[in-house]
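# Observations on the three-dimensional arrangement
Okay, here's what each chain looks like letter by letter:
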Amino acid sequence: MIYVQNREIVVPGQLIAEGNYRHLEGSFREGDRIYSAVVGLADIKGDKVRVIPLQGRYVPRVGDLVIGVVIDTHSSGWILDINSPYTANLFVSELVHRKVDLNKEDISKFLKIGDVVLAAVKEVDEYMRVLLETPERGMGRIEGGKLVEISPAKIPRVLGRKGSMLKVIESKTGCTLAVGQNGRIIVWGDDPRMVNLAVEAILMIEREAHTSGLTDRVALMLEGGKSEGK
Amino acid sequence: MEKPEKLIVDGRRLDGRAPDELRPLKIKAGVLERADGSAYVELGNNKVFAAVYGPREMHPRHDQQPDAAVLRCRYSMAPFSVEDRKKPGPDRRSMEISKVTKEALEPVLFLELYPRSVIDVFIEVLQADAGTRTAGINAAAVALADAGVPMRDLVSSVAVGKVEDTIVLDLIKEEDQFGTTDMPVAIIPRKKAITLLQMDGHFTKEEFKQALDLAFRGCEKIYEVQRQALKEKYAIKESG
Amino acid sequence: MEEIVSSVKRDYIIDLVKQGKRIDGRALDQLREVVVEKGVIKTANGSAKVKLGKTQVLVGVKLMHAEPFPDTPESGVLIVNAELLPLASPTFEPGPPRVEAIELARVVDRGIRESEAIDLDKLGIKPGEDVWSVFIDIDVLDHDGGLIDASALASIAALTDVKPPQDEDWKLPGFPLNRLPVAVTVAKIDGKLVVDPCLDEERVMDARLTITTIEDGSICSMQKGGRGYFTREELEQAYDLASAKAVELREKLR
């Protein structure tokens, strides 16, 4: 028995389903019944029940791409704020991909307080101690661009199914985006007007993340914005 | 404040309500920009804000819990919120209210999902007319949900009491001051579980049961307004 | 605990200002949207809520009996207090007032006191024993920068809202408010002056200057803040900006 419409906005404690269902993220089970744990959209597929949250802090998971800000240094690396209840650790060897003799090299030349870093989550232990790494090209210290912060819960919509929304924004504005799972996005572009347009699209997605047909509306808005002022 | 001659006349209270009637209640979710979650509650003449920050890093570190988040609550009254100016800063009353508020909210939170972190709840009473702690709890529950903190349910709260031998719901200042009994209650509506109970005054066993019934009925109504406030915040029209 | 500004954001804001633009799309000399709502608190004698962009400040004024200061036995007392509520920002913590809250209250106090906005001499009751004390309590609810300007505006708005207390010792027909001092803050970012900085701009500014002016454009109080400096030319330019913008803000008090 299902008690809500698919994609209906539900609130904590609201009964969603009763009987032989499996509960996934955003929901919990008591006896035979599955309830929502958060404000979000009920999402029922077959026997799977979940609630897509509309708010909430970012909790790091291994493999996530994140954008961090350096808030402190220690002898062998840096502490980064990753817009989460937990700070993350980045060791110098993970940043420069080689052994560094800490007695001979001054690591402050690599990163300073306030620097922005694109990184992947390498490890999260049971005490929520987080390690970062920068294994791919383009990861590491970021220069230029515009930093946008939105609710981490809305990031899946900015990416879209298989990155479809991201592709729309990039192709229509000619900008390049780095999207962190932790709610931070960097937009690079030569034309400041196009950068602003891309930011506007991101903010529109954040506002309307829970509505359907969003990709089409974003594409339309970007088309309109492009022709304006030409 | 002068004592009115009678607090209940022909079954009507000073503000015209029936004994089992709630004051006008207005709740809005997501009213503050900086907070992770927030809510504004007007219950009669009470005006209360609640803000939630977190889960965030816990300082000082030695207060961290290795396997769960810590909930911290701070109830505070603006200096202009009462008849005589209230000196700013915590006093014994507000510290006790902060404690019972925390204990009223804790049972519904999945704190185990955020080890070592802290969830801060700040309640600010801007205008007070009895029942500020219940209004604060109602606001805090909505603000926690608005912040995306996973919860088993909301928490709803109301005061009941005895005024001239009548059991009444949701006391105003005059009734609180000159009535016989004041009993603030908070419940987890879905489970009918009580998470806050304080009482001063006098109840017989029968009156206590009657008052509790009334509190449950009042909380049901508040619960509905809380749920609506959360749903309304996201019921935004699509652009274009 | 202060938030650390990311280098990307800092560079972005400075870059924009160089081009005469701002992070929220305003012109350098443009105020944020201002909304003044009076009479919001019944338990206060006067009250006002001011929204300056996303910043929200609520001020309540209470008139209470008090003992006069020995040197002014027949004059009323003015007390301004500001609370940076932890509700308003992730960087505000519960506890005794921080120096920022003290500065905020004192700057607002000076604007009102030095302009002689309130005729305190009329607020005596019994010389040497009993006078009216005007408590201005500032509650910062949501902090997105510009707290001095928002608090000063909310304070003067709350004073225009004061209803005489129901008290036999109150003999005046109304509240003796003579002037409307208005504070406007100008920030210096990479050598350029911007009016009404938002929080992001405050975090990267070199310095700020708050100028409080009255109706005739004369100055009644100033406060410089921040590590940087102003040149003489910049000071004159800042005054022109602040006095012009004060006129716009004073309009909102009606």
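Rules and cut-offs
Residues numbered from 1 in each chain as written. Chains lettered and ligands numbered in written order. Predicted model: local features only at pLDDT ≥ 70, side-chain atom pairs only at ≥ 80, totals over all residues. Heavy atoms only, no water. UniProt positions renumbered as here; feature names shortened; annotations may be inferred. Helix = DSSP H or I, 4+ residues; strand = E, 2+ residues; numbered from the N terminus. Buried < 20%, exposed > 50% of the residue type's maximum accessible area, 1.4 Å probe, protein only. Contact = heavy atoms within 4.5 Å. Lys, Arg positive; Asp, Glu negative; His and termini not counted. Charge placed at Lys NZ, Arg CZ, Asp CG, Glu CD. Rg over C-alpha atoms; globule rule 2.2 N^0.38 Å. Areas by Shrake-Rupley, 256 points an atom, 1.4 Å probe, with all protein chains shown as cover. Domains from an automatic or database assignment. Pairing = 2+ DSSP bridges. Expected span 1.5 Å × (residues − 1).

Looking at an unreviewed UniProt entry, one finds chain B named Exosome complex component Rrp41 and attributed to Hadarchaeum yellowstonense. Under Subcellular location (unreviewed entry), UniProt gives the following word-for-word description of chain B: "Cytoplasm".

Under an unreviewed UniProt entry, the name given to chain A is Exosome complex component Rrp4, and the organism recorded is Hadarchaeum yellowstonense. Regarding chain A, the relevant UniProt record gives this comment under Function (unreviewed entry): "Non-catalytic component of the exosome, which is a complex involved in RNA degradation. Increases the RNA binding and the efficiency of RNA degradation. Confers strong poly(A) specificity to the exosome."

Moving on: the overall build of chain A. On a plain count of helices and strands, chain A comes out with five helices and 16 strands. Counting only C-alpha atoms, chain A reaches 65 × 55 × 25 Å along its principal axes. For chain A, the residues scored as buried account for 52% of the 230 residues in total. Partitioning the intrachain contacts of chain A with sequence separation of at least 6 by distance along the chain shows that 56% fall at a separation of at least 24. Charge centroids of chain A, computed over 31 positive and 31 negative side chains, lie 4 Å from each other.

In terms of helices and strands, chain B carries four helices and 11 strands. Against the 2.2 N^0.38 benchmark of 18 Å for 240 residues, chain B shows a C-alpha radius of gyration of 18 Å, consistent with a compact globule. By its C-alpha atoms, chain B is 55 × 50 × 35 Å across when sized along the principal axes. In chain B, which comprises 240 residues, the share counted as buried stands at 60%. Excluding contacts between residues fewer than 6 apart, the proportion of contacts in chain B whose partners are at least 24 apart in sequence is 68%. Summing over all exposed atoms, chain B offers an accessible surface of approximately 9,900 Å²; the carbon and sulfur share of this is 50%. The distance from the centre of the 37 positive side-chain charges to the centre of the 39 negative ones in chain B is 4 Å.

Time to look at the UniProt feature "domain: S1 motif" (unreviewed entry) in chain A. On the UniProt side, "domain: S1 motif" (unreviewed entry) is annotated at positions that read residues 63-135 of chain A here. Secondary structure over residues 63-135 of chain A splits into 7% helix and 44% strand, and the C-alpha atoms at its two ends are 11 Å apart.

The next thing to look at is the domain arrangement of chain A. Partitioning chain A into structural domains gives domain 1 (9-53), domain 2 (65-141) and domain 3 (146-229). The C-alpha-based centres of domain 1 of chain A and domain 2 of chain A are spaced at 37 Å.

Another aspect to go through is the pairing of strand E10 (residues 88-91) of chain A. Consecutive residues of a regular strand have side chains that alternate between opposite faces of the sheet. All names here are of chain A. Here E10 shows a buried face lined by Ala 88 and Leu 90 and an unburied face lined by Asn 89 and Phe 91. Bridge count for strand E9 (residues 77-81) against E10 is four bridges, and the pairing is antiparallel. Residue pairing for E10: Ile 79 is matched across the bridge by Asn 89. What sits between the antiparallel neighbours E9 and E10 is a turn of six residues, in which Asn 83 has the positive phi angle 55°.

This next bit is on helix H1 (residues 92-105) of chain B. Residues and elements named next belong to chain B. Here H1 contains 14 residues, and its C-alpha end-to-end distance of 20 Å stays within 8% of the 20 Å for a straight helix at 1.5 Å per residue. Ser 94, Ile 97, Ser 98, Val 100, Thr 101, Ala 104 and Leu 105 are the residues of H1 that are buried. As for H1, its buried residues are in contact with strand E6 (70-77), strand E7 (117-127), helix H2 (132-146), strand E10 (181-188) and strand E11 (193-197).

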